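What the coordinates show
Read off the chains here:
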Amino acid sequence: MNRAFRQQNNEHNTHYPKLLGTRGAVATEHYLSTKAGADLLGVGGNAVDAAVGATLVECVVNPQMATLGGECPMLICMASSREVVAVNGNTAAPGLATPEAYQRRGLRQVPDEGILASGVPATLSALVTALTQFGRLSFAEVAAPALDYAKNGFPVHTGLYAAEGFGIRNLAEKFSREWPGSAQLYSPQGVAVKVGDLLVNSALADLLDHLIMAEKTQSGDRKRGLEAVLESFYKGEPAKEIDAFSKERDGLLARSDLECFQTHCEKPVSLQFANTTVFKCDTWNQGPVMLQALAMLETFDLKKMGHNSVDYIHCTTEVFKLAFADREQYYADPTQVDVPIDELLSKEYACMRSALVDPKKASSELRPGDPKRQRALLPMQERLGGAAWGPGTVHVDVIDGDGNMAAFSPSGGWLKSAEVVSALGFPLGNRMMTFYLEPSNHPNIVAPFKRPRTTVSPSLAFRDGHPWMVFGSMGGDQQDQWQCQFYLNQILFGMSIQEAIEAPKYSSEHFPGFFAPHESSVNLLRIEPRLGQEIIDGLTQLGHQLQLGAEWSEGYLLAAARDPTSGILEAGCDPRGAKGEVFPACALCW
């Protein structure tokens, strides 16, 4: 008699289980933020309340990826209206930010760290805006878990300590040498905190307490209380502290920039693909590249090629390269730049562009199209090229029992972006580094109050006309490449959320990245080695410059979905977060 508990092949089973429930689904990049979201649903909050509370916890426990100094784009769909709303949680440039202001300081591009890379901290404004318009609970209620972890501490996890290039281990020397505010918090007495140490952020706790007290002065008027939270931060002592911090370092950011800052709710952009509709934020965000890619990919028989075959990976990669070339050429703040988004997403344009894909050869060119004149290629003399949008980011997905859905992507203000403002407990962001100083006709040229374009890209999808799924990832320029692969895994190949997350993935670096110094590598394609030697050889023969990444290093996805017929909820998270020592992602359904 065989005593083995399993004899059948389990090679294709997922590492994490398929999570199903009926009352709530929460997926975040840390188990403490997942718990916070679930707890808030349990006390009567809706999906937006839970997502706001979970995001605040993320800003405490994953500061290597996101803090209140950064940004938080969102997509929200309330069951009562079934209307998708985009919350423009992006930063804005200071009023003094011009190419000349940087050039007078001897700079040829916006720095990738420090005060000259900092715009207005946008995350709190986005969170409170969402809470005001779509939530039920008070700021005090949703902020309680984050306040607890800031005030009483939380154990340092492996990602916070060891995240490659972003964690305390890599940054401790820089903190001690250049950034005393960061050293005081993360390397007290000159010794960097380690995994398992209890980390207390008293300044951040004091800030949250200050904001909660501002809300309570409004005697139970929920809307006025939330307005008081914003006024207290953007027009009160925190703004004064940021202003002083900036002036001491010859920065451009001033108190007046915070005082006039506002978060706006917008109509998202969308695309029909098969029996689904995918929603993304507007072109201040890279999200529409996924829609452009899907529009082109619909012209190919991807199912016939086979999942992750040589032809499939080649085709999708060449399409990504075309979509991202358009991103570089056209995407920018649509309130300051005329971005031809309707033309970029038209089926006619997608057909012209997809015809450029050579099934036998990887293109070595950066090939933006000409959507305004409806041509497949823009004349060479009009082409731009040369700027990375950057790594980092966490993500939060929540669906409640009523079917309300929220996808939040907090990012920026991470530990490597700038020195911690000692009085506030977080660093300012560095999203300004995506701006250009030249040429003057670049759509993303820096300008006063302009929103820099950003990689931070939440997603929301309908299926058969019904709200269906929220999803997202970290990963800078790779985010929408990974999200597109995840989406195709489900739509074309019938995978569950967890299967679609864990399937091997890849990403191109052929096009200029969004973050300074805006580098690109012609035909570079990074893949996870478990795709196999036959795939590696086949892609090499087609002209791709293969780079084998570490196993489980391409993805970092989260998702939550609701079956519109049964109401069954499903959630999933990516084991890559833990395997890559980035963050301890966690999903929960009940």
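Anything mentioned here points back to the structure above.
Residues numbered from 1 in each chain as written. Predicted model: local features only at pLDDT ≥ 70, side-chain atom pairs only at ≥ 80, totals over all residues. Heavy atoms only, no water.

1. Description of the nonpolar core
For clarity, the threshold we go by: Throughout, nonpolar core names a set of buried Ala, Val, Leu, Ile, Met, Phe, Trp, Tyr and Cys residues whose side chains join them through atoms within 4.5 Å. Whether a residue is buried, partly exposed or exposed follows from its accessible area with a 1.4 Å probe, protein chains only, as a fraction of its type maximum: under 20%, in between, or over 50%, in that order. Numbering of helices and strands runs from the N terminus, with a helix taken as a DSSP run of H or I at least four residues long and a strand as a DSSP run of E at least two residues long. Here a residue-residue contact requires only that any non-hydrogen atoms of the pair lie within 4.5 Å.
Within the largest apolar cluster, 96 residues are counted, with the highest numbers of intra-cluster contacts made by V48, L56, M74, I76, F139, F233 and F408. Here this core takes 11 residues from helix α2 (residues 47-61), the largest share from any one element. When near neighbours in sequence (up to four residues on either side) are disregarded, M74 contacts V85, A86, V87, A126, L127, A130, C281, A407, F408 and P458.

2. Notes on the pattern of salt bridges
For the record, the criterion: We define a salt bridge as a side-chain nitrogen of Lys or Arg found within 4 Å of a carboxyl oxygen belonging to Asp or Glu.
Under the defined criterion, the tally for this structure stands at 31 salt bridges. E365 is the partner of R383 in a salt bridge, and the nearest nitrogen-oxygen pair spans 3.5 Å. Remark: E365 occurs in the loop between α17 (347-354) and β10 (396-400) and R383 occurs in the loop between α17 and β10; sequence separation between them is 18 residues. When its relative accessible area of 39% is taken as the criterion, E365 is described as partly exposed. Here R530 ties to E551 by a salt bridge, and the two come within 3.7 Å at their closest N and O atoms. Placement of the pair is R530 in the loop between β17 (524-527) and α20 (533-541) and E551 in the loop between β18 (545-548) and β19 (557-562), with a sequence separation of 21 residues.

3. Points about the pairing of strand β11 (residues 405-408)
Keep this limit in mind: The rule for pairing is simple: two strands pair if DSSP sees at least two bridges between them.
Of the two faces of β11, the one holding M405 and A407 and the one holding A406 and F408 are both buried throughout. In this structure, strand β3 (residues 74-77) lies alongside β11, joined through 4 bridges in antiparallel fashion. Opposite I76, over in β11, you have A406 as the bridge partner. Pairing of β10 with β11 involves 4 bridges; the strand directions are antiparallel. Its bridge partner lying in β11, V396 is registered against F408. From the end of β10 to the start of β11, which pair antiparallel, there are 4 residues, and G403 there has a positive phi angle of about 95 degrees.

4. What about the sheet that holds β18?
In plain terms, the rule: An axis is simply a line fitted to the C-alpha atoms; with a helix, the fit covers only the stretch in contact. Between two such axes, the angle follows the N-to-C directions and lies from 0 to 180 degrees.
Strands sit in the order β16-β17-β18 across an open sheet of 3 strands; the sheet is mixed. Looking at the sheet topology across the chains shown, the edges are occupied by β16 (506-508) and β18. Pairs of neighbouring strands in the sheet enclose a mean axial angle of 25 degrees, with direction left out of account. Pairing between β16 and β17: 3 bridges, direction antiparallel. Bridged to S507 within β17 is R526. The strands that helix α15 (residues 310-330) touches are β16 and β17; relative to β16, the one it contacts most, it runs at about 40 degrees. Set on the sheet, α20 makes contact with β17 and β18; between it and β18 the angle comes to about 150 degrees.

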